[in-house]
Amino acid sequence: MRINKRSIGLAIYLGLLMLPIYWMLNMSLRTNADILGVFSLYPKDPTFANYVKIFKDSAWYSGYINSIIYVSMNTVISLLAALPAAYAFSRYRFMGDTHMFFWLLTNRMAPAAVFLLPFFQLYSTFGLIDTHIAVALAHCLFNVPLAVWILEGFMSGVSREIDETAYIDGYSLPRFFLTVFVPLIRTGIGVTAFFCFMFSWVELLLARTLTVTNAKPIAATMTRTVSATGLDWGLLAAAGVLTIVPGALVIWFVRDYIAKGFALGRV
Amino acid sequence: MNKPWNNKAWFLVLPVVIVVSFSAIIPLMTVVNYSVQDIFGPGQRVFVGTEWFKDVLSDSRLRDALWRQFTFSGLVLLIEIPLGVLIALAMPKRGIGVPVTLVLLALPLLIPWNVIGTIWIIFTRPDIGLFGVIVNGLGVAFDHTAAPLDAWITVMLMEVWHWTSLVTLLAYAGLQAIPEAYFQAARIDGASTWATFWYIQLPKMRGVLTIAILLRFMDSFLIYAEPFVLTGGGPGNSTTFLSIYLVKVAVGQFDLGPAAAFSLIYFMIVLLFSYLFYQALMRVGTRDG
């Protein structure tokens, strides 16, 4: 690789980008007394006590499990609902299609704060409060439209001749869709799953409102613990570091498709 | 694009309509319902017409929050879009550097929003934060919990740190889609770097930049968790953005009527601006090619 001004600039930017995360990592490996006592650029006396505490206390680690459960549910629901719809948008014209498409996008623009109270009432009526499915459904509000949007882009990148050939060969729509089309756009499905995962994983306001204890997300556990025990910076930092791990793993799996993915898009 | 006309396609869209209706239309109608009634308790409600809307529109704190929000979103777009494009241009096109850069860039996007706030508290506090200690060490008094300007700078830095990567990833995807032949042709013609950017790369990025601008506008306009955790809307009301103010009214004071009216106005503003952006950018695209 050629070293030039651009690469150096990029390296500096990436360094700055990592700095706050490094700082949290640094904090997570120190005790609270150490953090407040001395200012240090690196943990002189690294300890995993904060992490051990999180993994031993079910009030902490259940938060991670809850988050992963509702995020996975949301990703599956969003994909299953969005796949046929995206196919319809990419292949056919029908009554009200453009309006429908913009309407879907408007849901991505609705302030989550607006929906707090109605959501709470709605899910109470159905007895869904404090369940994983409640959060998964609520997150569909912004993830389904996004999934339709991304998938539609990928599908429009596949030539329609493939569909027509398959129909002439006697494939039915469901059979064609599952055996021919889905494998063709698997990259798009991966990218979509990644975005659904991402937006569901990072959302907190709705997730916190709709849960009490059984399905409480990790991020909410963090805010609660802060107010309950005063501020244990080390513990808070360790919990924060652990919330980055699932995201980092997922992004590593889709790294090759992230950039390529968008490029195929219609837009 | 001559897609066949087929209304049976509605059956394929049906699952999405059902799922999104459950999470969008029913709650939205509830909000509309609240916005025109005064609710005293179960079964006790009075129709008040547009009273809440008048109340909310004459609320000076709301207007302050609104201007603050526009300033914030404007700054976000002005900083993040050019910066994101610049970084995308600097990225390597192939080799081991690509996945490493992509993963590092995407990392801030995958951190829960309130944890972003937590990271920046830890990073900027004048007593334990690297940034806070360094800036204060340079002789500049910096404390985001006390000075409104410092709070703004911190929130902006956090926002740029958090979201510029999204613009970069989208812009990079757009750049990757340009065939190598275009660049060869430009080189043969002796085009400058600037000319290559202006006549080849920028037009080709139009689509992805449309998405980037739309997403960044919407999300920055709806920002809640990060500044709430970092500054709590303070000092004073200096970083009380629209969502923070809305939650204060709805949950803090439990004024359902005004909160609902406020919500609808909020929603309409976002809708209007996104529509205008969408239309404007689409038009630019058709003219340039």
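Residues numbered from 1 in each chain as written. Chains lettered and ligands numbered in written order. Predicted model: local features only at pLDDT ≥ 70, side-chain atom pairs only at ≥ 80, totals over all residues.

Draft legend 1. Quick peek at the overall build of chain B. Tallying secondary structure elements over chain B gives 13 helices and two strands in all. Projected onto its principal axes, the C-alpha coordinates of chain B cover approximately 75 × 70 × 30 Å. Pairs at least 24 apart in sequence give 71% of the contacts found in chain B among residues at least 6 apart. (Helix = DSSP H or I, 4+ residues; strand = E, 2+ residues; numbered from the N terminus. Contact = placed C-beta atoms within 7 Å.)

Draft legend 2. Seen up close, the overall build of chain A. Scanning chain A from terminus to terminus reveals 13 helices and zero strands. From first element to last, N terminus to C terminus, chain A shows the α and β order α-α-α-α-α-α-α-α-α-α-α-α-α. Counting only C-alpha atoms, chain A reaches 75 × 60 × 30 Å along its principal axes. A total of 267 residues make up chain A; the buried ones form 46% of that total. (Buried ≥ 20, exposed ≤ 12 C-beta atoms within 10 Å, placed from the backbone.)

Draft legend 3. Examining the environment of Ser78 of chain A more closely. All names here are of chain A. Relative to the helices and strands, Ser78 resides in helix α4 (residues 58-91). Considered as a pair, Ser78 and Tyr123 are 45 residues apart in the sequence and their alpha carbons are 19 Å apart. Beyond its immediate chain neighbours, meaning those up to four positions away, Ser78 contacts Cys140, Asn143, Val144, Ala147 and Cys196.

Draft legend 4. Representation of helix α5 (residues 97-109) of chain A within the structure. Along its 13 residues, α5 of chain A runs 19 Å from first to last C-alpha, staying within 8% of the 18 Å computed at 1.5 Å per residue. Taken together, the buried positions of α5 of chain A are occupied by Leu104, Asn107, Arg108 and Met109 of chain A. (Expected span 1.5 Å × (residues − 1).)

Draft legend 5. Highlighting the interface of chain A and chain B. Opposite the 82 residues of chain A that make contact, chain B presents 77 residues. In terms of residue count, helix α13 (residues 233-263) of chain A provides more of the side of chain A that touches chain B than any other element does, 18 residues in total. Taken together, the residues of the side of chain A that touches chain B sort by class into 65 nonpolar, 10 polar and seven charged. (Nonpolar A, V, L, I, M, F, W, Y, C, P; charged D, E, K, R; others polar.)

Draft legend 6. Main features of the confidence of the model for chain B. When the pLDDT values of chain B are averaged, the result is 82; 93% of them are 70 or greater. On the interface metric, ipTM, the complex scores 0.80, and its pTM is 0.83. (pLDDT = per-residue confidence, 0-100.)

Draft legend 7. Seen up close, the environment of Arg91 of chain A. Assignment of secondary structure puts Arg91 of chain A in helix α4. Along the backbone, Arg91 of chain A and Asn26 of chain A are 65 residues apart, and their C-alpha atoms lie at a distance of 52 Å. In this structure, Arg91 of chain A is in contact with Arg160 and Asp163 of chain A together with Lys3 of chain B, ignoring residues within four places of it in sequence.

Draft legend 8. Representation of the packing of helix α3 (residues 60-90) of chain B against helix α10 (residues 206-221) of chain B. All names here are of chain B. Here α3 crosses α10 at 145°, and the two axes come no closer than 9 Å. You can see that α3 and α10 cross each other, and the crossing is right-handed. Contact residues: α3 offers Gln69, Phe72, Ser73, Val76, Leu77, Glu80, Ile81 and Gly84, while α10 offers Ala212, Ile213, Arg216, Phe217, Ser220 and Phe221. Looking at side-chain class alone, the contact of α3 with α10 contains eight nonpolar, four polar and two charged residues. (Axes fitted to C-alpha atoms, helices over the stretch in contact; angles between N-to-C directions. Left-handed = near helix turned anticlockwise from the far one by under 90°.)

Draft legend 9. A look at the nonpolar core. Residues Ala82, Ala85 and Val148 of chain A together with Ile122, Ala171 and Leu246 of chain B are the most contacted members of the largest nonpolar core, which totals 156 residues. Broken down by element, the residue count for this core peaks at 17 residues, all from helix α7 (residues 132-156) of chain A. Sequence-distant contacts of Leu246 of chain B, that is, excluding residues within four places in its chain, are made with Pro111 and Ala113 of chain A together with Ala259, Phe262, Ser263 and Tyr266 of chain B. (Core = buried A, V, L, I, M, F, W, Y, C linked by C-beta atoms within 7 Å.)

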